[in-house]
Amino acid sequence: MMAQDPRAVTTDLMMRVVPRETAPTAETGGEAILEARNVTVNYGHVVAIRSITVSIVRNSITAIIGPSGCGKSTLLRCFNRMNDLIPGFRLEGQVLYKGQDIYHDAVDATEIRYWIGMVFQKPNPFPKSIYDNVAFGPRINGYRGNLNELVQRSLERAALWDEVKNRLRQNALELSGGQQQRLCIARTLAVNPEVILMDEPAASLDPLATYRIEELMAELKRDYTIVVVTHNMQQAARISDSTNFLLNGELIEAGPTGTLFTRPSDKRTEDYITGRFG
């Protein structure tokens, strides 16, 4: 019998906070699984992002673009409270997951991260075997199902199983960079999140590995919601359903990717996506 899913604890906990409606987005009319409402973030006396309101639609890929230092990663990390770990962090406004404020005092940030996983820019596998990397999260959470099946299923979803199925006990650090990043995605999938945050997941990869990550993201959005930070305008245009453009800590424009890239409403957006700055 499987142990209680720790995310069920989070759900029960969050249902006891002040309920809020999940809003449809103006761009698509789809259900918003994540929302930032008038969010301002400070690190000490430094304002990183200011008065940002965005909606993330379920089972979609949302891109966050903008020049270095504009607040992209700060906004991304707000969605699973990774900024909590940074000294001096302070957030004003609300971040809602399925209509519930994840910054409410009753919500455990660690449990939020089971629902909302994260993949970082640089692959960061543990110095363990491929198998143990994927099994790590389920083990520490008391998973009592068939761990072998879970590891295989997670690697299959990350499009890595066929490449590693005969060497699961090999050290994960011996994999290529692209394989390591897909392993990190498999590790995230193993705890069965609903949302996956990706902070420039292909920035350190070669073109072929980048293509595989993009293909994988397109497949994963059938079952998951993905939010990705990217500096690559072509990548954002290829893979995302909607795009948010940040500049100097402010949200300049948001909308369907096709519209934003072909008919931007703000001159600053046009200048950025056409390479005039950034």
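Here the structure is a predicted model, which is why all the values come from computation and not from measurement.

Conventions and cut-offs
Each chain has its residues counted from 1, following the order in which its sequence is written. Predicted model: local features are reported for residues with pLDDT of at least 70 only, side-chain atom pairs are reported and counted for 80 or more only, and whole-chain, interface and lining totals are derived from all residues. With hydrogens and water excluded, all non-hydrogen atoms of the structure serve as input to the side-chain values. As a per-residue measure, pLDDT tells how confident the predictor is, with possible values from 0 to 100. Contact definition: two residues touch when any of their heavy atoms are within 4.5 Å. Throughout, an axis means a line fitted to C-alpha atoms (over the contacting stretch in the case of helices), and angles, computed between N-to-C directions, take values from 0 to 180 degrees. What counts as a helix is a DSSP run of H or I of at least four residues, what counts as a strand is a run of E of at least two, and both are numbered from the N terminus. Crossing handedness follows the turn of the near helix against the far one: under a right angle anticlockwise gives a left-handed crossing, and clockwise gives a right-handed one. Residues were grouped as follows: Ala, Val, Leu, Ile, Met, Phe, Trp, Tyr, Cys and Pro as nonpolar; Asp, Glu, Lys and Arg as charged; and all remaining residues, including Gly, as polar. For this document, the term salt bridge refers to a Lys or Arg side-chain nitrogen within 4 Å of an Asp or Glu carboxyl oxygen. Any residue under 20% of the maximum accessible area for its type is buried, any over 50% is exposed, and the rest in between are partly exposed; the area is computed with a 1.4 Å probe on protein chains only. A strand pair is defined by DSSP finding two or more bridges across the two strands.

What follows concerns the confidence of the model for the protein. Of all residues in the protein, 90% attain a pLDDT of 70 or more, and the chain-wide mean is 90. Long-range and interchain partners of residues 1-28, a stretch whose pLDDT sits below 50, account for 65 contacts in this model, where long-range means more than four residues apart.

A word on the packing of helix 4 (residues 130-140) against helix 7 (residues 177-189). Each pair of packed helices gets described by two things: the angle between the helix axes and the distance between those axes. Interhelical geometry of helix 4 versus helix 7 gives an angle of 30° and a closest axis separation of 7 Å. Helix 4 and helix 7 meet at a crossing whose hand is right-handed. Of helix 7, the residues touching helix 4 (which contributes Ile130, Asn133 and Val134) are Leu183, Ala186 and Arg187. The residue makeup of the contact of helix 4 with helix 7, split by class, is four nonpolar, one polar and one charged.

Per the stated rule, a full pass over the model turns up 16 salt bridges. As a salt-bridge pair, Arg212 and Glu163 come within 3.4 Å of each other at their nearest N and O atoms. Of this pair, Arg212 sits in helix 8 (residues 207-220) while Glu163 sits in helix 6 (residues 161-164), placing them 49 residues apart in sequence. Of the residues examined, Glu163 reaches a relative accessible area of 27% and is grouped as partly exposed. The salt bridge involving Arg268 is made with Asp266; its shortest N-O contact spans 3.0 Å. Assessed through its relative accessible area of 39%, Arg268 is described here as partly exposed. With a relative accessible area of 17%, Asp266 lands in the buried category.

Within the open sheet, the four strands sit side by side as 2-1-4-5. Their pairing is antiparallel. On the outer flanks of this sheet lie strand 2 (46-57) and strand 5 (100-101), each paired with one strand and no other.

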